[in-house]
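# Structural overview
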Amino acid sequence: MADLKARPRPTGATAVLGRTGFPHVTSTTKGELDIVTAPSHPGFSPLDLLYASLSACLVLSARIAASQMGILDRISEITADVTGEKATEGLSRVGKFNIAFSIKGDIDEETRRKIVHAAEDEICTVSNTIRGNPDFSTTISG
């Protein structure tokens, strides 16, 4: 089912942080976002962006799965609410992702499960990356 023929889109982001203030992030496609770090500040923290990336990828992937199944016209709304739990041991990281899917429309529970399975385990680049063990290539300059 995961035979996708998506047009390539430039991807990537650059974060800039001065001696004071908050990180400012610019995407390769010129999107901009300011990051917050204080719990009382509205906006996205780095962890929020991780959860946002996963939730957005999952709903887009679920829509793709429904389309591939020929039932997209029976779907009215797809929601993926993503939160996480920090690991209690080892490196600072998210140890568990909690994903709550809601798929509204004229479909049965088995079809909902098939859509979610395809989205999570076959189509979503973000969930596949998080589950994998990607290599990092880092360069350092002054």
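Residues numbered from 1 in each chain as written. Predicted model: local features only at pLDDT ≥ 70, side-chain atom pairs only at ≥ 80, totals over all residues. Heavy atoms only, no water.

The name given to the protein in an unreviewed UniProt entry is OsmC family peroxiredoxin, with the source organism recorded as Rhizobium pisi.

## A closer look at the overall build of the protein
The helix and strand tally for the protein stands at three helices and five strands. Considered along the principal axes of its C-alpha atoms, the protein spans approximately 55 × 35 × 30 Å. By the burial criterion, 23% of the 142 residues in the protein qualify as buried. A separation of at least 24 residues holds for 42% of the contacts in the protein among residues at least 6 apart in sequence. Element-wise, carbon and sulfur atoms account for 53% of the exposed surface of the protein, whose accessible area totals about 10300 Å². With 15 positive and 17 negative side-chain charges, the protein shows a separation of 4 Å between the mean positions of the two kinds. (Helix = DSSP H or I, 4+ residues; strand = E, 2+ residues; numbered from the N terminus. Buried < 20%, exposed > 50% of the residue type's maximum accessible area, 1.4 Å probe, protein only. Contact = heavy atoms within 4.5 Å. Areas by Shrake-Rupley, 256 points an atom, 1.4 Å probe, with all protein chains shown as cover. Lys, Arg positive; Asp, Glu negative; His and termini not counted. Charge placed at Lys NZ, Arg CZ, Asp CG, Glu CD.)

## Observations concerning the layout of surface pockets
The calculated volume of the largest pocket comes to roughly 1000 Å³. Lining the largest pocket are 30 residues, and of these R9, T11, G12, S53 and V126 lie nearest its centre. Put simply, the parts of the chain that give the lining of the largest pocket at least two residues each are β2 (24–27), β3 (32–34), α1 (46–68) and α3 (125–131). The dominant element in the lining of the largest pocket, judged by the number of residues it contributes, is α1, at eight residues. Residues of the lining of the largest pocket, tallied by class, amount to 16 nonpolar, eleven polar and three charged. (1 Å grid on protein atoms, 1.4 Å probe; cavity = no way out; pocket = protein on both sides within 12 Å on 5 of 7 lines; lining within 4 Å. Points joined across faces, edges and corners; volume = space filled by probe spheres on them. Nonpolar A, V, L, I, M, F, W, Y, C, P; charged D, E, K, R; others polar.)

## Concerning unusual backbone geometry
Most peptide bonds are trans, and most residues other than glycine sit at a negative phi. Located in the positive-phi region is K30, a residue other than glycine, with phi close to 80°. One can find K30 in the loop between β2 and β3. Judged by relative accessible area, which is 66%, K30 ranks as exposed.

## Considerations on the nonpolar core
Generally speaking, a soluble globular protein has its nonpolar side chains buried in company with each other. In this structure, I75, I103, I107 and I115 are the most contacted members of the largest nonpolar core, which totals 13 residues. Of all elements in the fold, only α1, β4 (75–86) and α2 (109–123) reach the threshold of two or more residues within this core. Contacts of I107, omitting those with residues within four sequence positions, involve I71, R74, I75, R112 and I115. Listed in part, the eight residues of the second largest apolar core include Y51, L54, L58 and C124. (Core = buried A, V, L, I, M, F, W, Y, C linked by side-chain atoms within 4.5 Å.)

## What to know about the environment of E109
The residue E109 is located in helix α2 in this model. Residue class for E109 comes out partly exposed when judged on its relative accessible area of 48%. Measuring from C-alpha to C-alpha, the distance between E109 and S40 comes to 39 Å, with 69 residues separating the pair along the chain. Of note is the side chain of E109, whose polar atom sits 3.1 Å from the side chain of R112. (Polar contact = N/O pair within 3.5 Å; in protein donor to acceptor, adjacent residues only side chain to side chain.)

## Some points on the confidence of the model for the protein
For the protein, per-residue confidence averages 94 on the pLDDT scale, and 96% of positions sit at 70 or higher. Mean pLDDT values over the elements of the protein span from 95, in β3, up to 98, in α2. (pLDDT = per-residue confidence, 0-100.)

## Points about the sheet that holds β3
Consider a sheet: its strands pair through backbone hydrogen bonds, and that pairing is either parallel or antiparallel. On the basis of which strands lie adjacent, the open sheet formed by three strands has the order β1-β2-β3 and antiparallel pairing. Only two strands of the sheet have a single partner each, and these edge strands are β1 (13–16) and β3. Put simply, the sheet's adjacent strands are angled 20° from each other on average, direction ignored. Alignment of β2 against β3, held across three bridges, turns out to be antiparallel. (Pairing = 2+ DSSP bridges. Axes fitted to C-alpha atoms, helices over the stretch in contact; angles between N-to-C directions.)

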